[in-house]
Amino acid sequence: MKILISNDDGYLAPGLLALADAMSAIAEILVVAPDSNRSGSSNSLTLDRPLSLTRAANGFYFVNGTPSDCVHIALTGPLGFVPDLIVSGINNGQNMGDDTLYSGTVAAATEGYLFGIPAIAFSQVRSGWAELDSAALIARELVERRFDALPSPYLLNVNIPNLPRAAIKGILPTRLGKRHMSEPVIRASDPHGREIFWIGPTGAEREAGEGTDFHATANGFVSITPLQIDLTHASQLAILRQDLA
Ligand code: MN
C-alpha cells in the first residue's frame, strides 16, 4: 500500500511526524506538507505565484503553499507517487461541524478525493498535542481496518479525543454537528497605533446532540464522519424548478 500524507499545520508539526511514523509501519509513504502553518486555508490553491517543492533532511517534502497545493503537486507533479490512500493531519485541534468548511486538514484529504483517491482527515479534539501517541495509534487502526464496504473514493473526517488509547470508548459513525455564528473579531492596535483585527474563535456548539461528531467526542468516542462534496441544494432545486416552470 502507498499512502500520501499531508497536513495544514506545516511539515514540522508533531501531528504530522506522528502520523508519518504510524503509516510508515504499514505502508510506503510520501509526505508533502506546507512549509508553514496554513490552518484555516480551506481548499484554496495558490494561483498568483509559483510554488516550490523542497526535500527536508528527514525525507519529507515541503511546499510554500496550501494543503491543497501540496496534494495537487504530489499527485500531478514530478514525484511519480501514485497513492492508494491519502491521510491528513493529525491536526492540532478539532475539525467538527462547520469547522470542516474552513479546515486545511480536511481540504488536503478533499483534494485527494477529488482526484479519485480515498482520503481520511485526522484531528485531535483539543490542541496542544496531548495523547498524540494514542491518536496516531487510532489512525493506524483505522487505516489497517480498511473501508472496503464504502464506494471508492470515500472522504472520511475523523476526530479523536485527547485520551489514552485504553480510555477511548470506541469509534462512532457520526454526522457533522453545527455551530453558532463565530465570535466577533478581536480588535487591537499595531505598534503605530493603527487599529488591527484578529479573526475570533469559532462559535459555540449549536447542534451537538446524539449522532453528531461533537456528541461522540464529548463522550469519549472517536467520531468518523463520511463527507461528500456536492453543494447543490436538492430540495431548493425542486422548488426553483417549479417556480420557474
Ligand atoms: Mn491545523
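Described below are features of the structure shown in this document. Small disclaimer: the values here were computed from a predicted structure and weren't measured.

Section: unusual backbone geometry
Here the bond from G89 into I90 is cis, since omega is -10°, no more than 30 degrees from zero. For I90, the location among the structural elements is in strand β5 (residues 85-91). Here the bond from S152 into P153 is cis, since omega is 5°, no more than 30 degrees from zero. Secondary-structure assignment places P153 in the loop between α5 (132-145) and β7 (155-160). Despite not being glycine, E131 shows a phi value in the positive range, around 60°.

Let's talk about the sheet that holds strand β8 (residues 170-173)
Here we have 9 strands laid out as an open sheet, ordered β3-β4-β2-β1-β5-β6-β7-β13-β8, and mixed in their pairing. Strand pairing shows two members of the sheet lacking a second neighbour, β3 (53-55) and β8, which therefore form its edges. Looking at each pair of strands side by side, their axes are set apart by 25° on average, direction ignored. Here 4 bridges tie β8 to strand β13 (residues 221-226), and the two strands are oriented parallel to one another. Across the sheet, G170 pairs through a bridge with F221, a residue of β13. Together, β1 (2-6), β2 (28-34), β5 and β6 (119-124) form the strand contacts of helix α1 (residues 14-24), whose direction differs from that of β5 by roughly 140°.

Topic: the pattern of salt bridges
Tallied over the entire structure, the rule returns 8 salt bridges. A salt bridge links K178 to E207, with the nearest nitrogen and oxygen atoms 3.7 Å apart. Of this pair, K178 sits in strand β9 (residues 178-179) while E207 sits in strand β12 (residues 205-207), and the two are 29 residues apart along the sequence. By relative accessible area, K178 is classed as partly exposed at 36%. Residue R187 is joined to E195 by a salt bridge in which the shortest nitrogen-to-oxygen separation is 2.7 Å. Take R187: its relative accessible area is 59%, and that puts it in the exposed class. Under the relative-accessibility criterion, E195 is labelled partly exposed at 47%. Each of R175, K178 and E207 takes part in a single network of salt bridges with overlapping partners.

Examining a nonpolar patch on the surface
Taken together, L114, F115 and I229 make up a surface patch of nonpolar side chains, about 280 Å² in accessible area. Here F115 is to be found in the loop between α4 (104-114) and β6. On the basis of relative accessibility, which here comes to 37%, the residue F115 falls in the partly exposed class.

Brief notes about the environment of E195
Along the chain, E195 turns up in strand β11 (residues 195-198). Counting along the chain gives 169 residues from E195 to I26, while the straight-line C-alpha distance between them is 51 Å. In contact with E195, other than residues within four places in its own chain, are R187 and A188. A polar contact is formed between the side chain of E195 and the side chain of R187, at a distance of 2.7 Å.

Some thoughts on the pairing of strand β10 (residues 186-189)
Where β10 lies against β11, 4 bridges are found, and the strand directions are antiparallel. Residue pairing in the sheet places I186 in a bridge with W198 of β11. The turn linking β10 back onto β11 is made up of 5 residues, and G193 within it adopts a positive phi angle of 85°.

Let's talk about the packing of aromatic side chains
Summed over all chains, the structure comprises 2 aromatic pairs. Consider the rings of F147 and Y154, whose centres lie 5.9 Å apart with planes at 70°: the pair is edge-to-face. Side by side, F147 and Y154 carry an identical accessibility label, which is buried. Directly above the aromatic system of F81 lies the positively charged group of K2, at a separation of 5.5 Å from the ring centroid.

Structural notes on the coordination of the manganese ion
Ideal geometry at a metal centre gives angles of 109.5 degrees when four donors are arranged tetrahedrally and 90 or 180 degrees when six donors are arranged octahedrally. The coordination sphere of the manganese ion contains the protein donors D8 (OD), D9 (OD), S39 (OG) and N91 (OD1), at a distance range of 2.1 to 2.3 Å. On the primary sequence, the residues serving as donors to the manganese ion are separated as D-D-x29-S-x51-N. Of the two residues, D9 sits in the loop between β1 and α1 while N91 sits in strand β5, which places them 82 residues apart along the sequence. N91 shares its class with D9; the two are buried.

What counts, and at which threshold
Residues numbered from 1 in each chain as written. Predicted model: local features only at pLDDT ≥ 70, side-chain atom pairs only at ≥ 80, totals over all residues. Heavy atoms only, no water. Helix = DSSP H or I, 4+ residues; strand = E, 2+ residues; numbered from the N terminus. Pairing = 2+ DSSP bridges. Axes fitted to C-alpha atoms, helices over the stretch in contact; angles between N-to-C directions. Contact = heavy atoms within 4.5 Å. Salt bridge = Lys/Arg side-chain N within 4 Å of Asp/Glu carboxyl O. Buried < 20%, exposed > 50% of the residue type's maximum accessible area, 1.4 Å probe, protein only. Patch = residues over 30% accessible without salt bridge, like charges linked within 9 Å, V, L, I, M, F, W, Y side chains within 5 Å. Areas by Shrake-Rupley, 256 points an atom, 1.4 Å probe, with all protein chains shown as cover. Polar contact = N/O pair within 3.5 Å; in protein donor to acceptor, adjacent residues only side chain to side chain. Phe/Tyr/Trp six-rings, centres within 6.5 Å; stacked < 30°, edge-to-face > 60°. Lys NZ or Arg CZ within 6 Å of the ring centre and 35° of its normal. Donors = N, O, S within 2.8 Å, 3.2 Å for Na, K, Ca; no water.

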